[in-house]
Amino acid sequence: MSSFKTIEWKNNKVIMIDQTRLPKDEIYLEFETYEEVADAIKRMVIRGAPAIGVAAAMGIALGALNTTIEDRDQFIKEVNKVTDVIMATRPTAVNLFWAGKRMLGVLNSQNGSVGDMKARLVEEANIILHEDIETCRSIGRVGAELIPDNSTILTHCNAGALATAGYGTALGVIRGAREAGKNIKVIATETRPFLQGARLTAWELDKDGISVSLITDNMVGHIMSKGMVDAVVVGADRIAENGDVANKIGTYSISVLAKSHGIPFYVAAPISTIDYNCPNGGNIPIEERDINEVTHVLGSRIAPDVNVYNPAFDITPNENVSSIITEKAVVKNPFLKGLSDLNK
Ligand code: MRU
């Protein structure tokens, strides 16, 4: 396990490590209302698909707990309203909607009092958190088999303990390979514009004593051409039915480079990241974020006042993905049948 907690439920409050302040400051924030949790997801105090799912569930639980409504039907209406607010925070990571649906499923299956329903929603949010840690550990065990001993793995963004309830997906595979006794080195891309690689992946790997070298995003081709990368492992925000993958902007370019250098390109994600209602990547909504993330670095302007694009994610077509690593199994390309079998 990692030596910090990304998110937890304590004394009817939600505690999160503030990922906007890392690596300079390790600060834990307390949230008492669902509006605060929604704002934290939007501002990326917490980010990463599975972690957003856990935060969403806990936000819904907070909203349910804090209402003074005593009438059952009114209470159900209120929790649906809270869920709508949380679901409107970020559009790409499907885990947010998965968690919302699961919480509403629990709400709708309860016959007890409003008090019982509140207790059950808080319990469910905590179950989702613990399941996520176990799921990541399984992804780590399953994926470790693909990682050769004495290898160097390139990863993009942060798909680590910080992006989940703990352990990580892509970094879970690296942790799993190390726990299997393999000697693994990691190359982390800095991941402009939000710098998840430089600020978060480098921080959490270094903190846990895992060898990590940091590069800027535009160094990937050169590093690959020098034979310095044995495999790429990244996470995912949403995987379409056909295996197209939405992940952090820049993932697609890395997949093209990996393909042209004959380097395996693995995606590690829980089954909850697969959107079975989404036939291909073209149907996945891509979040556009504030242009200040591009024109500014850590609060300082680095560009003149010109037009800017800031898509936060891109789509890696399934033909660039060697295998998808889930908690149940490694699914090899072609993906349609293998991914569908996971849903049975
Ligand atoms: O914008 P972010 O930081 O939420 O994006 C995160 C990613 O793209 C991760 O790679 C993905 O969510 C997988 S996290 C296990």
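Residues numbered from 1 in each chain as written. Predicted model: local features only at pLDDT ≥ 70, side-chain atom pairs only at ≥ 80, totals over all residues. Heavy atoms only, no water.

A. Here's a closer look at the nonpolar core. In this structure, Ile 7, Val 14, Met 16 and Ile 86 are the most contacted members of the largest nonpolar core, which totals 46 residues. For this core, the secondary-structure elements that each account for two or more residues are β1 (7–10), β2 (13–17), α1 (34–43), α2 (49–66), α3 (72–87), α4 (94–108) and α5 (114–144). Counting residues per element, this core draws most heavily on α2, which supplies twelve residues. Discounting chain neighbours no more than four positions away, the residues touching Ile 86 are Tyr 34, Val 37, Ala 38, Ile 41, Ala 56, Gly 59, Ile 60 and Leu 96. The next biggest cluster of nonpolar side chains, apart from the first, holds 26 residues, and it includes Ala 236, Ile 239, Ile 271 and Val 331. (Core = buried A, V, L, I, M, F, W, Y, C linked by side-chain atoms within 4.5 Å. Buried < 20%, exposed > 50% of the residue type's maximum accessible area, 1.4 Å probe, protein only. Helix = DSSP H or I, 4+ residues; strand = E, 2+ residues; numbered from the N terminus. Contact = heavy atoms within 4.5 Å.)

B. Fine view of the pairing of strand β6 (residues 212–215). Pairing of strand β5 (residues 184–189) with β6 involves four bridges; the strand directions are parallel. Of the residues in β6, the one forming a bridge with Val 186 is Val 212. With respect to chirality, the unit in which β5 leads through helix α7 (residues 196–207) into the neighbouring parallel β6 is right-handed. (Pairing = 2+ DSSP bridges. Right-handed = clockwise from strand over helix to strand, strands pointing away.)

C. Main features of the site of the ligand. Taken together, the neighbourhood of the ligand is formed by 19 residues, with Arg 47, Ala 49, Asp 237, Asn 247 and Lys 248 sitting nearest. Between the ligand and Arg 47 there is a distance of 2.8 Å, counted from an oxygen atom to a side-chain nitrogen or oxygen. Burial of the ligand by the protein amounts to 100% of the accessible area it has alone, namely 420 Å². Broken down by secondary-structure element, the contributors of at least two residues to the shell around the ligand are α2 and β9 (245–248). Of the residues in the shell around the ligand, the class split is eight nonpolar, seven polar and four charged. Both domain 1 (7–136) and domain 2 (146–342) contribute no fewer than three residues apiece to the shell around the ligand. (Near = heavy atom within 4 Å. Polar contact = N/O pair within 3.5 Å; in protein donor to acceptor, adjacent residues only side chain to side chain. Areas by Shrake-Rupley, 256 points an atom, 1.4 Å probe, with all protein chains shown as cover. Nonpolar A, V, L, I, M, F, W, Y, C, P; charged D, E, K, R; others polar. Domains from an automatic or database assignment.)

D. Just the sheet that holds β1, in detail. Strand order in the open sheet formed by three strands is β1-β2-β3, and the pairing between neighbours is antiparallel. Each edge of the open sheet is held by one strand with a lone partner, namely β1 and β3 (28–31). When strand polarity is set aside, the average angle formed by the axes of neighbouring strands in this sheet is 25°. With four bridges joining them, β2 and β3 adopt antiparallel strand pairing. Directly across from Ile 15, in β3, lies its bridge partner Glu 30. (Axes fitted to C-alpha atoms, helices over the stretch in contact; angles between N-to-C directions.)

Any functional reading would require information that these geometric values do not contain.
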